[in-house]
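Breakdown of the fold
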Amino acid sequence: MKSIKNIINSDNRIFGLDLLRCLAIFLVIFGHASYILPKPYCKIHDEFVLLDGVNLFFVLSGFLIGSILIKRINQETKFSFSSLLNFWMMRWLRTLPAYFFTLIIIIVIKSKYDVNFKIDQQVLMYFVFLQNFAIHNMPLFGESWSLSIEEWFYLLFPVLIIFATYISTDKKRVILICIFIFLLFPSIVKVIKFVEFKDNNDYSWDKEFRRLVITRLDSIAFGILGAYLSFYYQHNWIKYKRKALYLGTLIMLLVIVMSKINVNNMLFTFYTTVIYFPLSATGILLFLPYLSNMRIGKGLFSKLITYISIISYSLYLINYSLLKEFIIKDVLYNKIIAKLHISTAATYLIEYLSYWILLFALSHLMFIFVEHPFIENRKKIIKFFRLNNE
């Protein structure tokens, strides 16, 4: 089994994409870490961190997984269900073991320490990623909403491609049509919800527009579109990478300015509900030609970026419900700090520093002992199940 040092130094890694993934997870965990601090500091975060780290993840995920899927489709005469099953298993063995491991730990903790908690239908929905499909119903593990969106996308998108190939044998056209279906459908849903929706507050925006599967599938589709352009128009993908980077930067600056205006005025607008997510995803998509061709980083800093990128999934799973809500809040504060009678400033400092130290320590261990063994042995596991089913 490869050591984490060997993974960092692997020739297969693309530094530019590691850099984007590192930025994405930093935006997510920095935002969650700010909730540990007093409210004025949370407001500082909201004022200055106006990029959505999850949207970065969505587009990057679509690009990476889409590149694998499109390459596989074009390698075969006809994309078969057997190939699709292999694609799914490779994906699931990458994401599900660590997810279920974290979910079960959270359920066990809630069962032990929360007298009002019970394992009911709402909790069981987490095991099939239905906690936020069309209705936001998340009594625990709130950060899992984004993984649910990804799992549904990679379940539905390839199925649509298979059905579409029965209508047309032109793979290039089929893939593009399927991409635009997944770009169009969530936008239609968002427009309908905007017209019908009555609650004008941040929480409603978050649970009804930002966190639902049916409203956010398009963000991943933008990444798939990037994979499509990279595969079929590779020459132009490289040729115009700098121009795309400049245009993407302008779009992201526009997103930041518009976000600033809407945050300050607390507006529940057509922009924040319908335009913001695809506009942001378009800007991120335009970064990809440049970043996907930035293959090598230099020095210790680049290795740190790559390391954070490698453990980013564990960072994502551990950082909030398990670490911030339970370990920091319920254990560190209630069981230890509260009994020390120290100043408020010292309390916040201990909690904040402990959060970052424990986050990286626990995420490193999760990657080594849960994530990586399944990633390293995916092909063996798939081969084992295939042999036993023959």
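Attention here is on the structure that accompanies the text. (Residues numbered from 1 in each chain as written. Predicted model: local features only at pLDDT ≥ 70, side-chain atom pairs only at ≥ 80, totals over all residues. Heavy atoms only, no water.)

A short note on the side chain of Arg-21
Here Arg-21 lies in helix 2 (residues 15-34). The contact partners of Arg-21, leaving out residues within four places of it in the chain, are Arg-13, Phe-57, Leu-60, Leu-64, Ser-309 and Ser-312. (Helix = DSSP H or I, 4+ residues; strand = E, 2+ residues; numbered from the N terminus. Contact = heavy atoms within 4.5 Å.)

Describing the packing of aromatic side chains
In total, this model carries 28 aromatic pairs according to the counting rule given. Aromatic pair Tyr-113 and Phe-326: ring centres 5.5 Å apart, planes at 45°, arrangement tilted. Of the two residues, Tyr-113 is situated in helix 5 (residues 81-113) and Phe-326 in helix 15 (residues 312-336); the sequence distance between them amounts to 213 residues. Looking at Phe-326, the relative accessible area reads 15%, which means it is buried. Centre to centre, the rings of Tyr-276 and Phe-277 are 5.0 Å apart; their planes meet at 65°, and the pair counts as edge-to-face. Both residues of the pair, Tyr-276 and Phe-277, count as buried. Of the aromatic side chains, those joined through ring pairs into one cluster are Phe-26, Phe-30, Tyr-352, Tyr-355, Trp-356 and Phe-360. Above the plane of the ring of Tyr-113 lies Lys-112, whose end atom (NZ or CZ) is 5.8 Å from the centre. (Phe/Tyr/Trp six-rings, centres within 6.5 Å; stacked < 30°, edge-to-face > 60°. Buried < 20%, exposed > 50% of the residue type's maximum accessible area, 1.4 Å probe, protein only. Lys NZ or Arg CZ within 6 Å of the ring centre and 35° of its normal.)

Looking at the packing of helix 8 (residues 171-196) against helix 10 (residues 213-232)
Interaxial distance between helix 8 and helix 10 falls to 8 Å at its minimum, and their mutual angle equals 155°. One element, helix 8, and the other, helix 10, form an angle in the roughly antiparallel class. Two packed elements cross with a definite hand, and for helix 8 against helix 10 that hand is left-handed. Partitioning the contact of helix 8 with helix 10 into residue classes produces 16 nonpolar, 2 polar and 6 charged. (Axes fitted to C-alpha atoms, helices over the stretch in contact; angles between N-to-C directions. Parallel < 35°, antiparallel > 145°, perpendicular 65-115°, else oblique. Left-handed = near helix turned anticlockwise from the far one by under 90°. Nonpolar A, V, L, I, M, F, W, Y, C, P; charged D, E, K, R; others polar.)

Description of the pattern of salt bridges
Charged atoms that come close allow side chains of opposite charge to pair. Within the structure shown, the criterion is met by 13 salt bridges. Residues Glu-150 and Arg-91 are paired through a salt bridge, measuring 3.0 Å at the closest nitrogen-oxygen approach. Taken together, the residues span a long stretch of sequence, with Glu-150 in helix 7 (residues 145-165) and Arg-91 in helix 5 at a distance of 59 residues. Across the pair, Arg-91 and Glu-150 agree in class, each one buried. Each member of the salt-bridge network shares a partner with another, and the members are Asp-52, Asp-206, Arg-210 and Arg-211. (Salt bridge = Lys/Arg side-chain N within 4 Å of Asp/Glu carboxyl O.)

Geometric values such as these leave the question of function open.
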